[in-house]
Amino acid sequence: MVIKDLHKKMKEFPKVDLHRHLEGSIRVESFLDIARKEKVKLPTYDLEAFRRLVQVNDEPPDFINFLNKFKVARGFYPNRNSIERVAYEAVEDAARDNVKYLELRYSPTHFASVQRFPEEEVIRWVQGAFERAMGNYDIEVIPVLTISRNYGIELAEHTVNIAVKLAGKYFFGLDLAGDEINYPAKPMAPLFRRAQDAGMGLTLHAGEAGGPENIIEAVEKFGCDRIGHGVQAAKSEQAMTILKKTQTLLEMCPTSNIHTGVVRSLKAHPLKMFYERGLSVSLNTDDPMVSNITLTDEYVNAVTKMGFNEDDLKKLNIMAIEHCFHPNKETLKKKFAKIWNKGKEIKATRV
Ligand SMILES: [Zn+2]
């Protein structure tokens, strides 16, 4: 099939994305538009020059370089409108890509910091925007709270306190992101226990830039339901055995892994190998704006470069739904059974 036809087919394919950061899903044009209207200082107002600051381009793949793409936005958001706008547009973009269920993770601190907005207010604004977008498009979105390894335990604790208070209403999952090499996850373990006690699902960026021992720690010490990336499990029989036994879902984001330099090429990516071994895996974007991709692009890559067929892709989506943090998973499963299975019950089918 020619790529153009495959792209059209994959765009039409109803998709689930469990690992997408709102901070990495902001339209480049919106940054500039908001900056001009609200007189926010940016290093450049030229679209192409700005793209080079916030998107991966032809520089060598590197993890810290990838994280630096978020630096410009960290001091950006001038008011409530700008936060609501980018949250709405992120859902709109996913819906136009035919993502039917999206877990959009974000750090309220990221959006609140410059103007010192109360984080709880930011959470309500973002939620309002998600709900408006859901009203206008055929997509279901739930937020997942992200705390960062880099900003220290106190800030993380403050955010988790709010999330726990709002759990069951706003937040259904907790995620740990940031620099895995220089900031170990261990100090955050009590916060994850509290979130779990409040009924939130747990996911942790582990085994991305760091080693497979971080994946084992996330499963055994944190009791995570899912792992962000986990590509380094490929280097450890022990990690793969634990992941298979526990059926902890790996939220995999192949293009992001290329851009952070943790995997050399899409052909060398372990997603298909994990899938064939019977691990639970799903296919996601991570940061569509930073990587300049859509989930459709990832599906095309999965077919052309990673050896997946349409039936495999359906199974990846079913596994994703089985592991999602949606508060009413059964309703969601029924909705997807209609889409994928002509109404028959969906179950994670092992290969
Ligand atoms: Zn991520």
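Structure: see above.
Residues numbered from 1 in each chain as written. Predicted model: local features only at pLDDT ≥ 70, side-chain atom pairs only at ≥ 80, totals over all residues. Heavy atoms only, no water.

Trainee: Would you take a moment to explain the packing of helix 6 (residues 80-96) against helix 8 (residues 119-136) for this structure?
Mentor: Any two packed helices are characterised by the angle at which their axes cross and by the distance between the axes. Where helix 6 contacts helix 8, the two axes come as close as 8 Å, and the packing angle between them is 40°. It follows from the interaxial angle that helix 6 and helix 8 lie oblique. Along this stretch, helix 6 crosses helix 8, giving a crossing that reads as right-handed. Across the interface between the two elements, Arg80, Ile83, Glu84, Ala87, Tyr88 and Val91 of helix 6 pack against Val122, Trp125, Val126, Ala129, Phe130, Arg132, Ala133 and Asn136 of helix 8. Split into classes, the residues belonging to the contact of helix 6 with helix 8 amount to 10 nonpolar, one polar and three charged. (Axes fitted to C-alpha atoms, helices over the stretch in contact; angles between N-to-C directions. Helix = DSSP H or I, 4+ residues; strand = E, 2+ residues; numbered from the N terminus. Parallel < 35°, antiparallel > 145°, perpendicular 65-115°, else oblique. Left-handed = near helix turned anticlockwise from the far one by under 90°. Contact = heavy atoms within 4.5 Å. Nonpolar A, V, L, I, M, F, W, Y, C, P; charged D, E, K, R; others polar.)

Trainee: Would you take a moment to explain helix 16 (residues 295-304) for this structure?
Mentor: Because an α-helix packs 3.6 residues into every turn, residues spaced three or four apart end up facing the same way. For helix 16, the tally of buried residues reaches seven of 10 residues, placing the bulk of the element in the interior. All buried positions along helix 16 are accounted for by Leu295, Thr296, Glu298, Tyr299, Val300, Asn301 and Ala302. (Buried < 20%, exposed > 50% of the residue type's maximum accessible area, 1.4 Å probe, protein only.)

Trainee: Looking at this structure, I do not really get the sheet that holds strand 2 (residues 99-106). What am I missing?
Mentor: Pairing between the strands of a sheet comes from backbone hydrogen bonds, and it takes one of two forms, parallel or antiparallel. In space, the eight strands of this open sheet follow the order 1-2-3-4-5-6-7-8, with parallel pairing throughout. With one partner strand each, in any of the chains shown, strand 1 (15-21) and strand 8 (281-283) form the two edges of the open sheet. Neighbour-to-neighbour, the strand axes of this sheet turn through a mean angle of 25°, independent of strand direction. In terms of strand pairing, strand 4 (residues 173-177) meets strand 5 (residues 201-206) through four bridges, oriented parallel. Within the sheet, the bridge partner assigned to Gly173 lies in strand 5 and is Gly201. Along the sheet, helix 6 contacts strand 1, strand 2 and strand 3 (140-148); its crossing angle with strand 2, the most-contacted strand, is approximately 150°. (Pairing = 2+ DSSP bridges.)

Trainee: How do you make sense of the pattern of salt bridges when you look at a structure like this?
Mentor: Pairs may arise between side chains of opposite charge once their charged atoms sit close together. Scanning all chains against the criterion turns up 29 salt bridges. Salt-bridge contacts for Asp17 lead to Arg20; the nearest nitrogen and oxygen are separated by 3.0 Å. The partner of Arg51 in a salt bridge is Glu29, and the shortest N-O contact between them spans 3.2 Å. Of this pair, Arg51 sits in helix 3 (residues 47-54) while Glu29 sits in helix 2 (residues 28-38), placing them 22 residues apart in sequence. For Glu29, a relative accessible area of 43% corresponds to the partly exposed category. Residues joined by salt bridges that share partners form a network here, namely Arg27, Asp33, Lys37, Arg85, Glu89, Glu92, Asp93 and Arg96. (Salt bridge = Lys/Arg side-chain N within 4 Å of Asp/Glu carboxyl O.)

Geometry only, nothing functional implied.
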